[in-house]
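Chain and residue survey
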Amino acid sequence: MLLIASACYFLGRVAGIMMVEGLSAIAVCTICAYMYFGARVISRFVFHIFYLCFIVSPPENWIFVGTRPIKAALSDWAVDLLAFVGLPAAQAGATIFIGFFQLQVAAACSGLYSIIGITAIGAFYIYIRHGSDVGYAILMALLIVPFAMFINFLRIVALIIITYYFGDGAAFHFSHDFGGMFTFSVAILFLIGLDAALHPFIGTLRRRTRW
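Read on for an overview of the structure. This is a predicted model, so every value here is computed, not measured. (Residues numbered from 1 in each chain as written. Predicted model: local features only at pLDDT ≥ 70, side-chain atom pairs only at ≥ 80, totals over all residues. Heavy atoms only, no water.)

**Examining the pattern of salt bridges**
- Enumeration according to the criterion identifies two salt bridges in this entry.
- The residue Glu-21 makes a salt bridge to Arg-13 at a minimum N-O spacing of 2.8 Å.
- Asp-195 serves as the salt-bridge partner of Arg-129, at 3.8 Å between the closest nitrogen and oxygen. Of the two residues, Arg-129 sits in helix H6 (residues 112-130) while Asp-195 sits in helix H8 (residues 168-210), which places them 66 residues apart along the sequence.
- Residue class for Asp-195 comes out buried when judged on its relative accessible area of 2%. (Salt bridge = Lys/Arg side-chain N within 4 Å of Asp/Glu carboxyl O. Helix = DSSP H or I, 4+ residues; strand = E, 2+ residues; numbered from the N terminus. Buried < 20%, exposed > 50% of the residue type's maximum accessible area, 1.4 Å probe, protein only.)

What follows is the structure in structure tokens.
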């Protein structure tokens, strides 16, 4: 396993694929620690090893291909909502037309980066709050993914409305100065509220199931 991980690291380093290089480096360190300390010690650091994977960014071409359908869907939903309330909105792919303005939905608005960031924050919060409850952590992560997409949908709608009424300059400043802060602030509040409501219910359900 160490030879395979080292070979993958070498190939990732030579080819310049940071994702392969980063994951292979984590694997090499984990295998060496296992060989030196044993499985009992490594089992105590499973979460920490998993958390290191969040520092590895996927390749840009993967992001471009993976976010294309998400961008198109979010653009379509935003235009349908605005057209329903009477605004002159139209859409072609990831491009949105509102009045005399034209907006391009970028990869940052697709939700992928928010999903990664919010999942990382959520995993850390759940680990600190509930220890090593893996099943509950997976459930929370699955609930975070659609919520991150919904928050980005609201962000796109807000940018379109700001552009229509105040111009593209105001939308640009909102997106770069407050967009990310708004997304993660709402996500953290949602995470805390969801945990407060869901964890007692899951605990009661587990006790009844065991009984």
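**A few points about a nonpolar patch on the surface**
- Together, Ile-161, Tyr-164, Tyr-165 and Phe-166 line one region of the surface with nonpolar side chains, adding up to about 430 Å² of accessible area.
- Take Ile-161: it is sitting in helix H7 (residues 134-166). (Patch = residues over 30% accessible without salt bridge, like charges linked within 9 Å, V, L, I, M, F, W, Y side chains within 5 Å. Areas by Shrake-Rupley, 256 points an atom, 1.4 Å probe, with all protein chains shown as cover.)

**Details of the sheet that holds strand E2 (residues 95-98)**
- What the three strands build is an open sheet, ordered E1-E2-E3; its pairing is antiparallel. Looking along the sheet, the strands with just one partner apiece sit at the ends: strand E1 (89-92) and strand E3 (101-104). Strand-to-strand twist of the sheet, defined as the mean angle between neighbouring strand axes without regard to direction, takes the value 20°.
- Relative to E3, E2 runs antiparallel, the two sharing four bridges. Paired with Ile-98 across the bridge in E3 is Phe-101.
- Those strands touched by H7 are E2 and E3, and its axis lies near 40° from that of E2. (Pairing = 2+ DSSP bridges. Axes fitted to C-alpha atoms, helices over the stretch in contact; angles between N-to-C directions. Contact = heavy atoms within 4.5 Å.)

**So, the packing of aromatic side chains**
- Applying the stated criterion across every chain, the model contains eight aromatic pairs.
- On the basis of an interplanar angle of 80° and a centroid distance of 4.8 Å, the ring pair of Tyr-36 and Phe-37 is categorised as edge-to-face. With respect to burial, Tyr-36 and Phe-37 carry one shared label: exposed.
- One aromatic cluster in this structure is built from Phe-47, Phe-50, Tyr-51, Phe-54, Phe-124 and Tyr-127. (Phe/Tyr/Trp six-rings, centres within 6.5 Å; stacked < 30°, edge-to-face > 60°.)

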